[in-house]
Amino acid sequence: MVSQRKHVWEGIGWVGALFSLLAFSLNSLGAVSSQSMEYLGMNIVGCFFMILYAVSKKAHASWVLNAIFLLVAVFALVRVYMMQL
């Protein structure tokens, strides 16, 4: 049971890392804008999963940093959404 739980948390961490890397890569290649809902959404999902993983590992600096990134992305997403109204 412990081993299975460990694999689930590892999977959550990898999914978060992949979302963040995908967002960064697509933005760097010019496929999405840094102010697009897609980019911000991928960052929010990536940060959220990375926070879950970091908390499970008791990696305080990592989850705090990702929480700050998540808050910035949420504020940016709200701003983008409000500008579209």
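Note: the structure precedes this text.
Bear in mind that the values here come from a model prediction, so they are computed numbers and not experimental data.

S.K.: I'm lost on the overall build of the protein in this one. Help?
M.R.: Of regular secondary structure, the protein possesses three helices and zero strands. Each helix and strand of the protein, ordered N terminal to C terminal, gives the series α-α-α. By principal-axis analysis of the C-alpha atoms, the protein measures approximately 50 × 25 × 20 Å. A buried classification covers 22% of the 85 residues belonging to the protein. Contacts in the protein between residues far apart in sequence, at least 24 positions, make up 55% of those at least 6 positions apart. Carbon and sulfur atoms form 75% of the exposed surface of the protein, whose accessible area is close to 5,900 Å².

The rules behind the values
- Residues numbered from 1 in each chain as written.
- Predicted model: local features only at pLDDT ≥ 70, side-chain atom pairs only at ≥ 80, totals over all residues.
- Heavy atoms only, no water.
- Helix = DSSP H or I, 4+ residues; strand = E, 2+ residues; numbered from the N terminus.
- Buried < 20%, exposed > 50% of the residue type's maximum accessible area, 1.4 Å probe, protein only.
- Contact = heavy atoms within 4.5 Å.
- Areas by Shrake-Rupley, 256 points an atom, 1.4 Å probe, with all protein chains shown as cover.

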